[in-house]
2 protein chains.
Amino acid sequence: MTYAEFSRVVTISKKDIYQETIAENRETMRVKKEKTVFKNLERIFGAVLKISNRKGFKAMSMRDLSRESGLSMGALYTYFSSKDELLEMLQNQQRSISQRILRQRVSEEQTVAAKLKAAIFTHLYLSEAMQPWYYFSFMEAKNLNKIERDKAVASDLHLEKVFEDIIEQGNLEGGFSTPNSQLTASIIQAMLQDWYLKRYKYAKRGISVDQYAEFVMDLIKKYLSPA
Amino acid sequence: MTYAEFSRVVTISKKDIYQETIAENRETMRVKKEKTVFKNLERIFGAVLKISNRKGFKAMSMRDLSRESGLSMGALYTYFSSKDELLEMLQNQQRSISQRILRQRVSEEQTVAAKLKAAIFTHLYLSEAMQPWYYFSFMEAKNLNKIERDKAVASDLHLEKVFEDIIEQGNLEGGFSTPNSQLTASIIQAMLQDWYLKRYKYAKRGISVDQYAEFVMDLIKKYLSPA
DNA sequence: GTCTATATACGGATAGAC
DNA sequence: GTCTATCCGTATATAGAC
């Protein structure tokens, strides 16, 4: 599966996610025409990501958001009850869609080598398709309250565990060799993270997500192959 | 040189850096007893890093800073003319001390293998000794004005270039082998970055900076060794 | 359902006393 | 050199008209 094919999967899933967001926030977002909510949520989230990723969520005023989204301040507050809640909504969305897709794609593969490749490629494809969300989630996690921040940390560790389990399995089967599966997983995660944290750099150099994925894959394969 | 030895070098250099900060901001920080400025700058910078790294520079109010540093609002403003200038001062400090030490340590080595090892270890040691600064610089770069933000990006690229040049040289000499020196340098930088971005995680697991450095070194050596 | 206008509080910065 | 008290702009959030 190339990135072009993959991105269609994500687009479809995004619709589901919005529906969930609406369902989870029934109290704040009272019954409204589905279509209106949809259109406005998309405008709001898009505007938040655009402004926040340039100057930070805290520095984004509700007036900024009103201007960029085309909705009045009053209208904005019918979709969330506070600026903090808005932040939470964005973070939760990103996590739930990502975890679901990654889990599914990895489980479809049989061998550890294939699973590792699927995990690396899928995560990179996800962060490519949803780069603003990934960047936002990383940079704004410290603005969350303790409960929500803990969820963000847990999600990060969960991803690491996916890699760790695959590597550990490979170690047992003999296909991989490393003295420290957890640290290897952690380092892989760091490499994948760079793709969305330093996007501007890679874009300017014309490196595609597929090239990046192949490079990481090659490096990890060389490292993990038994001497 | 172990980390224990290294950290003494940094401590000494920090004094120089403060002196530079004072010299560069002569207009704002009028003539004061050297000793007073020193003590207060240390309190201020320490407090900024502590508060900002928890909830972000933008979310830190001057009243927060006043409380944490033990200086009144009025006193604070005798050391900088605006909150933005305070941010710049911290960013510049971190960069100048880091670049100076790294450049020197790398130039002391003769072979590419030794230079690569020196660059990796020194950068990790630096980010260990000054973790709050590194974390702060990374997370708060987007709050800088365009000119200062460009300097931050340039500094990032400068570090990458140090790695790239060493690897390229190794490629030519035949000691290393990679199809893309720049991408390799970029990936190394991502791995080093993780040490200060995910500090809490490594600390909780009891991974020391020396263990981390050895692990990264081993991974990179395996990758770069010609097949 | 969405707008405008506004309540209320909190932000950065400074004036003037000591 | 440092403190306290305060200015004044801008922030979030909401009330009430349409």
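Attention here is on the structure that accompanies the text.

Cut-offs applied
- Residues numbered from 1 in each chain as written.
- Chains lettered and ligands numbered in written order.
- Predicted model: local features only at pLDDT ≥ 70, side-chain atom pairs only at ≥ 80, totals over all residues.
- Near = placed C-beta within 6 Å.
- Helix = DSSP H or I, 4+ residues; strand = E, 2+ residues; numbered from the N terminus.
- Nonpolar A, V, L, I, M, F, W, Y, C, P; charged D, E, K, R; others polar.
- Least-squares fit on C-alpha atoms with pLDDT ≥ 70 in both.
- Contact = placed C-beta atoms within 7 Å.
- Axes fitted to C-alpha atoms, helices over the stretch in contact; angles between N-to-C directions.
- Parallel < 35°, antiparallel > 145°, perpendicular 65-115°, else oblique.
- Left-handed = near helix turned anticlockwise from the far one by under 90°.

**Focus on the protein's contact with DNA strand C**
Line of reasoning, step 1. Surrounding DNA strand C, one finds 20 residues, the nearest of these being A:K32, A:S72, A:G74, A:A75 and B:S61.
Line of reasoning, step 2. Elements represented by at least two residues in the surface near DNA strand C include exactly α2 (34-55) and α4 (73-76) of chain A together with α3 (62-69) and α4 (73-76) of chain B.
Line of reasoning, step 3. By residue class, the composition of the surface near DNA strand C is 7 nonpolar, 9 polar and 4 charged.

**Observations regarding the protein's contact with DNA strand D**
Line of reasoning, step 1. What surrounds DNA strand D is a group of 20 residues, the closest being A:S61, B:K32, B:S72, B:G74 and B:A75.
Line of reasoning, step 2. Mapped onto the surface near DNA strand D, the elements with two or more residues apiece are α3 (62-69) and α4 of chain A together with α2 (34-55) and α4 of chain B.
Line of reasoning, step 3. Sorting elements by how many residues they give to the surface near DNA strand D places α4(B) first, with 3 residues.
Line of reasoning, step 4. Here the residues of the surface near DNA strand D sort into 7 nonpolar, 9 polar and 4 charged.

**Digging into the relation of the copies chain A and chain B**
Line of reasoning, step 1. Of the two same-sequence chains, chain A is brought onto chain B (RMSD 0.1 Å, axial shift 0.0 Å) by a rotation of 180°. Overall, the copies show the geometry of a two-fold rotation axis.
Line of reasoning, step 2. Most of the interface of chain A is mirrored in chain B, where 100% of its interface residues again form contacts.

**Quick look at the interface of chain A and chain B**
Line of reasoning, step 1. Taken together, the 19 residues of chain A in the interface contact 19 residues of chain B.
Line of reasoning, step 2. Of all the secondary structure elements, the ones that give two or more residues to the side of chain A that touches chain B are α2, α9 (181-197) and α11 (209-224) of chain A.
Line of reasoning, step 3. Broken down by class, the residue content of the side of chain A that touches chain B amounts to 9 nonpolar, 4 polar and 6 charged.

**Things to note about the environment of B:E164**
Line of reasoning, step 1. By secondary structure assignment, the location of B:E164 is in helix α8 (residues 146-173).
Line of reasoning, step 2. Taking C-alpha positions, B:E164 is 33 Å from B:L86, a pair spaced 78 residues apart along the chain.

**Considerations on the packing of α2(B) against helix α7 (residues 131-140) of chain B**
Residues and elements named next belong to chain B.
Line of reasoning, step 1. With their axes 10 Å apart at the nearest point, α2 and α7 run at an angle of 55° to one another. Taken together, the axes of α2 and α7 lie oblique to each other. Here the hand of the crossing between α2 and α7 comes out left-handed. Note on element contacts: α7 touches α2 through P132, W133, Y135, F136 and E140, opposite L49, S52 and N53.
Line of reasoning, step 2. The class makeup of the residues in the contact of α2 with α7 is 5 nonpolar, 2 polar and 1 charged.

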